[in-house]
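Inside the fold
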Amino acid sequence: MIDLQITEPLETQVSPDALLTAVQAALNYHDPALDVNLTVAVDTDETLHALNLQYRGINAPTDVLSFNADEIDPETGQTYLGDILISYDRALAQAEKAGHPVQNELQLLAVHGTLHLLGYDHSQEDEKQRMWAAQTEILERIGCRILQLPED
């Protein structure tokens, strides 16, 4: 189950279906039989800035954060993979800079965050190539066109 949480002022700006499609596509890409729970939250730069400082020691906003839990939910017995937090403000700015719709950027960030929860990383060049190839394939599968990736 994918729990989607969109901060109230942003509810009319974000397509829940687009986010759910992106996350499910990333899960299916990794393992079609994977049955996990996770949370995706869309919030503001202010919230992600505070979390980025608290958990990563970086005093700046960021577009997406992933917090891996990888624990068993005692209520369902399913694996709780973790939480993905997306900054709508960063997504909007990046989409405007790239020249594609903000919903596409949100889908990119949802896929990116999900891949992190699944163990993908981009700190080394070979890992980055693997993760970017997965992102590209997933986004193509759901018909999401990204004109320019955000800088690392």
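Residues numbered from 1 in each chain as written. Predicted model: local features only at pLDDT ≥ 70, side-chain atom pairs only at ≥ 80, totals over all residues. Heavy atoms only, no water.

With respect to the UniProt feature "binding site: Zn(2+)" (unreviewed entry) in the chain
Put simply, the rule is: UniProt positions are given in the numbering used here, feature names are shortened, and annotations may be inferred rather than shown by experiment. The helix and strand labels rest on DSSP assignments: H or I over at least four residues marks a helix, E over at least two residues marks a strand, and numbering proceeds from the N terminus. It only takes one pair of heavy atoms within 4.5 Å for two residues to be counted as in contact.
UniProt marks H112, H116 and H122 with the feature "binding site: Zn(2+)" (unreviewed entry), using the numbering shown here. Within the secondary structure, H112 is located in helix 4 (residues 102-117). Aside from chain neighbours lying at most four places away, what touches H112 is V64, H122, M131, W132 and Q135. Setting aside anything within four residues of it in sequence, one finds H116 in contact with S66, N68, D121, H122 and M131.

What to know about the packing of helix 1 (residues 16-30) against helix 4
The condition that has to hold: Only the stretch in contact is used when fitting a helix axis, every axis being a line fitted to C-alpha atoms; angles between N-to-C directions are given from 0 to 180 degrees. When the near helix sits turned anticlockwise from the far one by under a right angle, the crossing is termed left-handed; a clockwise turn instead gives a right-handed crossing. Just so you know the grouping, Ala, Val, Leu, Ile, Met, Phe, Trp, Tyr, Cys and Pro go in nonpolar, Asp, Glu, Lys and Arg go in charged, and all remaining residues, Gly too, go in polar.
Direction vectors running N to C along helix 1 and helix 4 enclose 35°, while the axes themselves pass 8 Å from each other. Every pair of crossing elements has a handedness; the one defined by helix 1 and helix 4 is right-handed. Residues A18, L19, T21, A22, V23, A26 and L27 of helix 1 form the contact with helix 4, whose own contacting residues are L106, Q107, A110, V111 and T114. Considered class by class, the residues forming the contact of helix 1 with helix 4 number nine nonpolar, three polar and no charged.

What about the side chain of D45?
Operational definition: To sort residues, take the accessible area from a 1.4 Å probe on protein chains only and compare it with the maximum for the residue type: under 20% means buried, over 50% means exposed, and anything in between is partly exposed.
Along the polypeptide, D45 turns up in helix 2 (residues 45-56). Taking the relative accessible area as the measure of exposure, D45 reaches 15% and is therefore buried. Those residues in contact with D45 that sit more than four places away from it in its chain are P61, T62, S87, D89 and R90.

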